[in-house]
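# Observations on the three-dimensional arrangement
Here's the letter readout for the chains.
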Amino acid sequence: WDRSFTSVWEPAFNPRTGSVAAPVRSGGKWGLAEDGVLVWPARYSQLWHQTFDENGTTLAAIAAPSYGRFTVAVDDRPWKNTFSVVTDLAMSPDGRRIGALGKEDGHWSVIVDDDPWPGRYDMIYPLSFSPDGDHAAVRAERNGRFSIVLDGKEYGETFERAWDPIFDPEGDKVLIRGIQEGTCFRIVAGVEDF
């Protein structure tokens, strides 16, 4: 780039244009530059983990609108819900839906489209969207037990151990894999089973 900045975080490529977007520090704040030009003004206390949708038309990042409070910004519009920690930014393939994990008061939550799910957990593993983007699912742990959570609703059974849920290509079924009393389970659950 012709322009230099005080600091620059890891870049990401726009899959449509091939341009490079990176969080940059300028004037004591963080913004987002694309090919050296500020496309999001430097107004955040922190900005990172930017990601494009598959078409390169939607750009989201983890942002701190104020010191110590994190959220997700989509096309430079921060969500209203903030947390002390936000991580694991995920986007549906078409960029229509965006989610992340937020931590507050020692417990983790899932946030999708700026709407926190009701459950609070000791640990949550990365969020995944169905191929059509209509559903989101995670593996979550509370009190040493694992749950599979779809669109904010827990599957009716918990496990001693579980693996991340997998959507079928149509997005209307979820593969659940877990261990209960030493026995491995493989459950194909419809989204209506949650």
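Above this note sits the structure.
A brief report on the enclosed structure follows. (Residues numbered from 1 in each chain as written. Predicted model: local features only at pLDDT ≥ 70, side-chain atom pairs only at ≥ 80, totals over all residues. Heavy atoms only, no water.)

## Concerning the nonpolar core
Note the cut-off: Here, nonpolar core means buried Ala, Val, Leu, Ile, Met, Phe, Trp, Tyr and Cys residues that are tied together by side-chain atoms lying within 4.5 Å of each other. With a 1.4 Å probe rolled over the protein chains alone, any residue whose accessible area is under 20% of its type maximum counts as buried; one over 50% counts as exposed, and the rest are partly exposed. For the purposes of this entry, the term helix denotes a DSSP run of H or I that reaches at least four residues, the term strand denotes a run of E that reaches at least two, and both are numbered from the N terminus. Contacts: residue pairs with any heavy atoms within 4.5 Å of one another.
Ranked by internal contacts, the top residues of the largest apolar core, which has 15 residues, are Leu150, Tyr155, Ile176 and Phe194. Looking at this core, the elements that each hand over two or more residues are strand 17 (145-150), strand 21 (173-180) and strand 22 (183-190). Among the elements that make up this core, the one with the highest residue count is strand 17 (3 residues). Discounting chain neighbours no more than four positions away, the residues touching Phe194 are Ile148, Leu150, Lys153, Glu154, Tyr155, Val174, Ile176 and Ala189.

## Digging into the pairing of strand 3 (residues 20-26)
Under the convention used in this document: In this scheme, strands are said to pair when DSSP sees at least two bridges between them.
Along strand 3, 5 of the 7 residues are buried, which leaves the element largely enclosed by surrounding structure. Examined bridge by bridge, strand 1 (residues 7-8) and strand 3 share 2 bridges and lie antiparallel to one another. Each bridged residue has a counterpart across the sheet, and for Val8 the counterpart in strand 3 is Val24. Judged from the 2 bridges that link them, strand 2 (residues 12-13) and strand 3 form a sheet pairing that is antiparallel. Counted as the bridge partner of Ala12 is Ala21 from strand 3.

## Structural notes on the side chain of Arg97
The criterion, for reference: Under this definition, polar contacts are N or O atom pairs within 3.5 Å; protein pairs additionally need one hydrogen-donor-capable and one acceptor-capable atom, and for neighbouring residues in sequence, both atoms have to be side-chain atoms.
Mapped onto the elements of the fold, Arg97 is located in the loop between strand 10 (85-91) and strand 11 (98-104). Side chain to side chain, Arg97 and Asp113 meet in a polar contact 2.8 Å long.

## Some remarks on the sheet that holds strand 8 (residues 69-74)
Remark on secondary structure: sheet strands pair via backbone hydrogen bonds, oriented parallel or antiparallel. The strand order across the open sheet built from 4 strands is 6-7-8-9, with neighbouring strands paired in antiparallel fashion. The sheet is open, and its two edges are formed by strand 6 (46-52) and strand 9 (77-78), each paired on a single side. One ladder, built from 5 bridges, connects strand 6 with strand 7 (residues 59-66); its direction is antiparallel. Across the sheet, the residue bridging to Thr51 is Ala60, located in strand 7.

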